[in-house]
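# Chain and residue survey
Each chain is listed here by its residues.
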Amino acid sequence: MSDGDTYTEHTPSGLLELSSELNQASSIEDVSVVAVRMLDLNFDAPLSAIWEFDDGSNELCPIAESAEAHEVIGDAPRLPTDSLAGRVYRQDHPKAFGDVHEADATHNPDSPIRSEIIVPISDFGVLSVGATEVDAFSKSDFELAKLVASTLEAAISRIRQHEHLQAERDWAHTLFEGSNDAIFISDSDANLVQVNRAACELTGYDREALLSMRIPDLRKEVDVDGYQEYHDQILAGDPATNEAELLRSDNTQIDVEFSNRGIERDGTSYVHTVARDVTEQRERQRRLESFKSAIENASDGIAILDDEEYTYVDQTHTDMYGFDDPDELLGQTWGELYTDAAEIERIEDEALSALRSDGEWRGTVTASPEGKGEFPTELSLTRLEDGRIVCVVRDV
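Attention here is on the structure that accompanies the text. All figures in this text were calculated on a predicted structure; none of them were measured in a lab.

Under the defined criterion, the tally for this structure stands at four aromatic pairs. Geometrically, the ring pair formed by Tyr227 and Tyr230 is tilted, given 5.9 Å between the ring centres and 55° between the ring planes. Of the two residues, Tyr227 and Tyr230 are both situated in helix H8 (residues 224–235); the distance of three residues between them amounts to about one turn of the helix. Judged by relative accessible area, which is 13%, Tyr227 ranks as buried. Among the residues examined, Tyr230 registers a relative accessible area of 23% and is labelled partly exposed. Here the guanidinium or amino end of Lys372 rests over the ring plane of Phe323, the centre of that ring lying 4.9 Å away.

So, in structure tokens, the structure goes:
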């Protein structure tokens, strides 16, 4: 590698050029190829190769080989951990061999390579520089190989760091874009600075249009000053969840639940908002409330039975059977409202049999809750798809 004062003259400039070339490479394979090429061009070391350790196979796998090395030994082999290179990697200590054939654990005793310098690259693999002559390398050559390996190690570390950051960014982007919930990122002035695919679908706007808007633009009527104060509180660290109507691009409005919290990126504060369409949920809730109101105001008593036990009883039904509170009937069976064994048998034979075959029954029965006396009622039973029974009772 060195001859006379070659090491002193050319090493600094050669390492500088090597570092420059490595900084332009974007993958570990690329930096490895650059390293073996520059060893030949700048350091008169045409026989070189780089191996990466593979945890899966527990071997050193070749990833770059100089052209001349390929001509001399062919395709660089995979090396086990008990080979010379494997030992250097495991011990994390560089070694120079004056005669490879005389060394213990030589991978190929017939190798045309006679002299070899092997330098570990921490947490990666090894760099090998060889020669076909015995005792071909000086101490200066050994030091140079270590400097080259150190420069290569720094480049590999840089690329790994970049790949790790890129993988994190890709993963974050996948989570962001893959969310079924709409996500809006807004700055301190409530300007939208980032949105995901679901946000576009929720609002009906494309990404470009949304990024030209402010959060208040998605509301039909909003107190801008009041909203800004609310926005500032979130930026200050007070998360908030609220429901509001969102104005879509077609001027329709939908019920949306907004979950907001402050985040920080590169020293700048933003509001992270997750929005979910709850229109159907709220509509079901409104219908249920309307249904409950209708039940509570109906003149007929209504109850629901599940496995012959009351799971819902309205006040009219409660009053009709002489009880004060619906809770007195919840969890009780219908049979407890009938003390006459003959009437219970008739209901089982007629009403419950018809429910099983036809899904409904209507008729007159005589109720006799214990301690409440006897009285006739008109009873209407309907079986639901889930097996529950709706019981409507009328005082006759």
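The structure having been displayed, the exposition proceeds.
Before going further, it helps to spend a moment on the pattern of salt bridges. Two side chains bearing opposite charge may form a pair once their charged atoms approach each other closely. Under the criterion given, the structure shown has 14 salt bridges. Its salt-bridge partner being Arg346, residue Glu343 comes within 2.9 Å of it at the nearest N-O pair. Linking Glu343 with Arg346, this pair stays in helix H11 (residues 341–358), spanning three residues, or about one helical turn. By relative accessible area, which is 10% here, Glu343 ends up buried. Here the residues in one salt-bridge network are Asp54, Glu59 and Arg78, joined through shared partners.

Now for helix H2 (residues 28–43). Taking 1.5 Å per residue as the helical rise, H2 with its 16 residues ought to reach 22 Å, and the 21 Å between its terminal C-alpha atoms agrees with that figure. Buried within H2 we find Ile28, Val31, Ser32, Val34, Ala35, Val36, Met38, Leu39 and Phe43. Asp44 occupies a position one or two residues after H2 and carries a positive phi of about 50°.

Reading guide: rules and limits
The numbering scheme is per chain: residues are counted from 1 as the chain's sequence reads. Thresholds applied to this predicted model are a pLDDT of at least 70 for local features of residues and 80 or more for the giving and counting of side-chain atom pairs; totals over whole chains, interfaces and linings are not thresholded and use all residues. As a rule here, side-chain values come from all non-hydrogen atoms in the structure, and water together with hydrogens is ignored. Only Phe, Tyr and Trp rings take part, Trp by its six-membered ring, and two of them pair if their centres are within 6.5 Å. Stacked means planes under 30 degrees apart, edge-to-face means over 60, and tilted covers everything else. Numbered from the N terminus, helices here are DSSP runs of H or I no shorter than four residues, and strands are runs of E no shorter than two. Burial classification: accessible surface area is computed with a 1.4 Å probe over protein chains only, and a residue below 20% of its type maximum counts as buried, one above 50% as exposed, and the rest as partly exposed. Counting as a charge over the ring demands two things of the Lys NZ or Arg CZ atom: a distance within 6 Å of the ring centre and an angle within 35 degrees of the ring normal. Only one rule defines a salt bridge in this text: a Lys or Arg side-chain nitrogen within 4 Å of an Asp or Glu carboxyl oxygen. Expected helix span is computed as 1.5 Å times (number of residues minus one).

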